[in-house]
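# Residue-level structural notes
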Amino acid sequence: MKKYLALLLSILLLLGVTPTAFAASAEEVPESVISILQELGAENPTVKYNTRNTVVGDNLAQDPATKIEFNDSSYAFLDNTGDIIRIKRVSEIRELKKYRSVSTSKFETVDSLKAYIEDTLIGTDYELVNEYYFSEDTLALRYEKILFNDALDRYDYISVRINTTLVELETFYKKSSGFKLEEGKDIISEDKARVVANEVFDANEKLPTVRLATVKTNNFFDNAVEEGNLRLAYMISSPTTVVYVDAYTATIIGGDIYKAVLGGAIGASELSTSSASINLAKTALESMGYTTTTKTLSSQFGTDVPPLLKSAFYSCSHGNATMISSRKDLDDENRAFYSSDVPSGTYKFVFLDACNTASSQWKTAFNISSSSSNKAFLGWTSTVTTTASYDFCVDFWSYISSTYTIYEAAQDAADNDADKPIQFTGDSDYDGYY
């Protein structure tokens, strides 16, 4: 086969033809890969072509070495070492859900499927760090690379989604960071890191929690910090703020604030990404057919939110399970808008970009549920920082198209980079368009 390919290449070059992709021989794909895919439900897996330097239409794995197609609409990508880095069965699962009895899963329980995935695709070098429901019947799992002891690389991760009704793997995505620990250097103690971080915490804030992990540097606290470098740091968090303390140099190399409503202290005026976020939303919503989309920056959510509650609504603010708010100071009751104040109407697409908004109260207020047709709701299942939410929005709005559903766009945007606990509710076939 290899001799044949070499001969074919020679003939094409003599004819002046430059091939952009070649059919990959099955012998070049490890038998274990085919076996794993078949165990996960792949029928007739076909090594379609070598996709290097070929656009394959996937938001997350742009340049895989090999593509394997199966079950008409599903595929897997391999890297140049033959390891699986991407499995996508969203369209296939969507069809199976319409005919639930058609499922041919070889796994009796979600736990048995999860264990198989961990044994064959993940291994012992990764730790499960987050597990929540992305949608009513889609379990989201995130694993991060273990550096040592309790230290994890947040940017070397594996994302898995399992349809719990069908007991089928829906998506798998593995991303490496290339991060390496500094050799011959000792890290500072957690106590030392706390002392450094306390320089920016308020004296009355609760004792912060600490996590040792990789971070991307930013100049949130110090304009002299070069942004975007991957460093090992102590992430020291209070209910409102997270500070990054370099684990080697004991210097503050970045941080963020949470978009949460905790203990009555809420706010949005300090959210530097608000303006950019609503600009992204306005542009995307108008391209989706919502021609009267209006955007505004406001400190008076109580009075300014209701006029904006049209068929599509996006809010970038602080929030909780029953309230979104524009400012920290609640002396003025108009700072906040409550789920109980949502007027009746036909809401097709709602995205509350604020902490803890993936609540039953908000979904009920907008009359969007898992059984809704041509409707979608997005909210965060827990606290989220301004940076993480903005990065999600940049990806999410760019992924939206008439051929790409809200459900898929949210999945891919959540899987791109650091952990983002977004939750989808609604019609998984809906593309968000008016």
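The present account deals with the structure reproduced in this document.

Analysis parameters
- Residues numbered from 1 in each chain as written.
- Predicted model: local features only at pLDDT ≥ 70, side-chain atom pairs only at ≥ 80, totals over all residues.
- Heavy atoms only, no water.
- Axes fitted to C-alpha atoms, helices over the stretch in contact; angles between N-to-C directions.
- Helix = DSSP H or I, 4+ residues; strand = E, 2+ residues; numbered from the N terminus.
- Left-handed = near helix turned anticlockwise from the far one by under 90°.
- Contact = heavy atoms within 4.5 Å.
- Nonpolar A, V, L, I, M, F, W, Y, C, P; charged D, E, K, R; others polar.
- Core = buried A, V, L, I, M, F, W, Y, C linked by side-chain atoms within 4.5 Å.
- Buried < 20%, exposed > 50% of the residue type's maximum accessible area, 1.4 Å probe, protein only.
- Pairing = 2+ DSSP bridges.

## Examining the packing of helix 9 (residues 386–399) against helix 10 (residues 406–415)
Between helix 9 and helix 10, whose axes approach to 8 Å, the crossing angle comes to 145 degrees. Considering the relative orientation of helix 9 and helix 10, their crossing is right-handed. Together, Phe392, Asp395, Phe396 and Tyr399 of helix 9 and Ile406, Ala409, Ala410, Asp412, Ala413 and Ala414 of helix 10 make up the contact between the two elements. Within the contact of helix 9 with helix 10, the residues separate by chemical class into 8 nonpolar, no polar and 2 charged.

## Concerning the environment of Thr364
Within the secondary structure, Thr364 is located in helix 8 (residues 360–365). In this structure, the C-alpha to C-alpha distance between Thr364 and Ser339, residues 25 residues apart in sequence, is 8.6 Å.

## What to know about the nonpolar core
With 40 residues, the main nonpolar core has Phe349, Phe351, Phe396 and Trp397 as its most contacted residues. Elements that contribute at least two residues to this core include exactly strand 5 (126–135), helix 6 (274–287), strand 13 (312–316), strand 17 (349–353), strand 18 (376–380), helix 9, helix 10 and strand 19 (422–426). Residues in contact with Phe351, not counting those within four places in the same chain, are Phe313, Tyr314, Ser315, Leu378, Trp380, Phe392, Cys393, Phe396, Trp397 and Ile422.

## Remarks on the pairing of strand 6 (residues 138–148)
For strand 5 and strand 6, the ladder comprises 8 bridges, and the chain directions are antiparallel. In the sheet register, Tyr132 faces strand 6, and the bridge partner there is Ala140. Counted along the chain from strand 5 to the antiparallel partner strand 6, the turn is 2 residues long. Two successive antiparallel strands, strand 6 and strand 7 (residues 151–163), enclose a turn made up of 2 residues, where Asn149 displays a positive phi of approximately 45 degrees.

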